[in-house]
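Descriptive analysis of the structure
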Amino acid sequence: MIASSTLLTEHHRRELANSGISDETIAAAGVFSQSSIRKKDKSLQQQLVFPYLDPAGRPYQRQDERPFIRWKPVWSEAVQRTYAAQLKEPPKYLSHRGAGNRPYHSPANTADPTYRIKLKRGGSKFPLLATEGEKKTLKANQENFLTIGLVGVYGCWRPPEWCKSPGTPTPA
């Protein structure tokens, strides 16, 4: 999915620009703003949406065959207060429940016909960087670093029951 950077709110455009991401990179990545209604309190919520592509440049699919995306919500003050009352912070990024995680491949990479070859060969000729998050991936790729983005430490991961018993190693 390719979207124009004109589909961004000014708030989101500034956020991406403050991360050093150019309008050209934003447009190529298909990043866009979207509004939705929260089910819990019926409030309007803005979010910054990142479409995910596989190494061949095709949209990743969820189990229901809809495109896999992640989004960064702009939380209302009411939601922030609710989390603060629980001494927690609201999540920075979300994905659909049960959709799992995927690596984030920048469209700048997937448009390169040699990208999959570089991923397979790796090594010193094509050093591959891994970073946390979509914005860092876009910025690194914009600066000509071959980079894959990974979901952060708390990215919808819940430890299975066997991890909760004392003395059991926890997978990284």
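Residues numbered from 1 in each chain as written. Predicted model: local features only at pLDDT ≥ 70, side-chain atom pairs only at ≥ 80, totals over all residues. Heavy atoms only, no water.

Glancing now at the pattern of salt bridges. By the definition in use, this model includes 9 salt bridges. In this structure, R13 and E10 form a salt bridge, with 3.8 Å as the shortest nitrogen-oxygen distance. Residue R13 and its partner E10 are both found in helix α1 (residues 10-18); the two are separated by 3 residues, about one turn of the helix. A cluster of three or more residues bridged by salt bridges with shared partners is formed by E10, R13 and D23. (Salt bridge = Lys/Arg side-chain N within 4 Å of Asp/Glu carboxyl O. Helix = DSSP H or I, 4+ residues; strand = E, 2+ residues; numbered from the N terminus.)

Once that is clear, we can look at the nonpolar core. Of all hydrophobic cores here, the largest spans 16 residues; its most connected members are L16, V31, F50, Y52 and L138. Secondary structure elements with two or more residues in this core: α2 (23-29) and β2 (44-51). Discounting chain neighbours no more than four positions away, the residues touching Y52 are R58, P59, Y60, F68, R70, R102, P103, Y104, E134 and V151. (Core = buried A, V, L, I, M, F, W, Y, C linked by side-chain atoms within 4.5 Å. Buried < 20%, exposed > 50% of the residue type's maximum accessible area, 1.4 Å probe, protein only. Contact = heavy atoms within 4.5 Å.)

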